[in-house]
Amino acid sequence: MALLTIRDLSAGYDSHAVVSGLNFTVNSGDYLCIVGENGSGKTTLMKTLLRLQEPIGGEIIMGDGLQKNEIGYLPQQTMVQRDFPASVREIVLSGCQGRSGLRPFYNKAEKALVQENLKRMGISDLADHCYRELSGGQQQRVLLARALCATRKILLLDEPVSGLDPKVTADMYDLIAKLNREGITIIMISHDIEAAVRYASHILHIGTTIFYGTKDAYRESSIGKMFLMQQEGGEADV
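A brief report on the enclosed structure follows. The shown structure was predicted, so the numbers you read here are calculated from the model rather than taken from an experiment.

1. Focus: the sheet that holds strand E3 (residues 31-36)
And then number 1: Read from one edge to the other, the open sheet built from six strands follows the order E5-E6-E7-E3-E8-E9, with strand pairing classed as mixed. Strands at the two margins of the open sheet, each flanked by one partner only, are strand E5 (71-74) and strand E9 (211-214). Each adjacent strand pair in this sheet contributes to an overall mean axis angle of 15°, direction not counted.
And then number 2: Where helix H6 (residues 136-148) meets the sheet, its contacts fall on E5 and strand E6 (154-158), and the angle it forms with E5 comes to roughly 165°.
And then number 3: Together, E3, E6 and strand E7 (185-189) form the strand contacts of helix H7 (residues 166-181), whose direction differs from that of E7 by roughly 150°.

Structure (structure tokens):
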């Protein structure tokens, strides 16, 4: 069943479209990777899907009972965020804000959900640690646990392995794939085309050329072949 249906979408700022003419569907259980050149509008598109900014044109239709406050989001980290002086538990608990509404406190079920997602991410032992004292990989697991507190259906991830070393990157990709196998729909921006076609079920390539389809179809497309070849040769900055 379709969680998101995108029809002739244009996204950008101040009435200036960065990307336009997008048509694609995200079904329950999909793993969609959004790839493309730098400046092609990947993050702009994700913010538009999250309704952090309104579309310039077209439609974003939510299905299967999905609500705006039921989407888990892992944004790109900034240096300020990495230095945030709060405990791991406090940060993960803040992911329940969409559930708590105007209540000034978190209930027992929300606190239990935090414990569940800390365990799910393998960081229960870090619950009382200060977030800014963690490694980059541990911080991303904390933010992923936070995002999971907001959703049981869909996660939007903006380059979740950026700045991580190869071992931690591989672990993060495996963790995201595991969540997908457990039934969570994934939409992920990635600069790593090779990893995208390894893990994703579908690819959305935006830029001068737009492609949407299965990863196998992307491998066989002219744009997919070109970008895979460029990345293997270390020539592409995507």
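Back to the write-up after that little detour.
2. A few points about the nonpolar core
Within soluble globular proteins, side chains that are nonpolar tend to cluster in buried spots.
And then number 1: One finds Leu-144, Leu-155 and Tyr-218 to be the most contacted residues of the largest nonpolar core, which totals 51 residues.
And then number 2: With near-sequence residues (within four places) excluded, Leu-144 lies in contact with Leu-74, Met-121, Leu-155, Leu-157, Met-172, Leu-175, Ile-176 and Leu-179.
And then number 3: With 24 residues, the next largest nonpolar core counts Leu-3, Ile-6, Ile-154 and Leu-156 among its residues.

3. Observations concerning the pattern of salt bridges
And then number 1: By the definition in use, this model includes nine salt bridges.
And then number 2: Measuring nitrogen to oxygen at the nearest pair gives 2.9 Å for the salt bridge that ties Glu-182 to Arg-120. In this pair, Glu-182 sits in the loop between H7 and E7 while Arg-120 sits in helix H5 (residues 108-120), placing the two residues 62 residues apart along the sequence.
And then number 3: A relative accessible area of 39% means that Glu-182 is categorised as partly exposed.
And then number 4: The partner of Asp-171 in a salt bridge is Lys-167, and the shortest N-O contact between them spans 2.8 Å. Of this pair, Asp-171 and Lys-167 both sit in helix H7, four residues apart, roughly one helical turn.
And then number 5: The structure contains a network of salt bridges with shared partners spanning Arg-120, Lys-178 and Glu-182.

Cut-offs and rules
- Residues numbered from 1 in each chain as written.
- Predicted model: local features only at pLDDT ≥ 70, side-chain atom pairs only at ≥ 80, totals over all residues.
- Heavy atoms only, no water.
- Pairing = 2+ DSSP bridges.
- Helix = DSSP H or I, 4+ residues; strand = E, 2+ residues; numbered from the N terminus.
- Axes fitted to C-alpha atoms, helices over the stretch in contact; angles between N-to-C directions.
- Contact = heavy atoms within 4.5 Å.
- Core = buried A, V, L, I, M, F, W, Y, C linked by side-chain atoms within 4.5 Å.
- Buried < 20%, exposed > 50% of the residue type's maximum accessible area, 1.4 Å probe, protein only.
- Salt bridge = Lys/Arg side-chain N within 4 Å of Asp/Glu carboxyl O.

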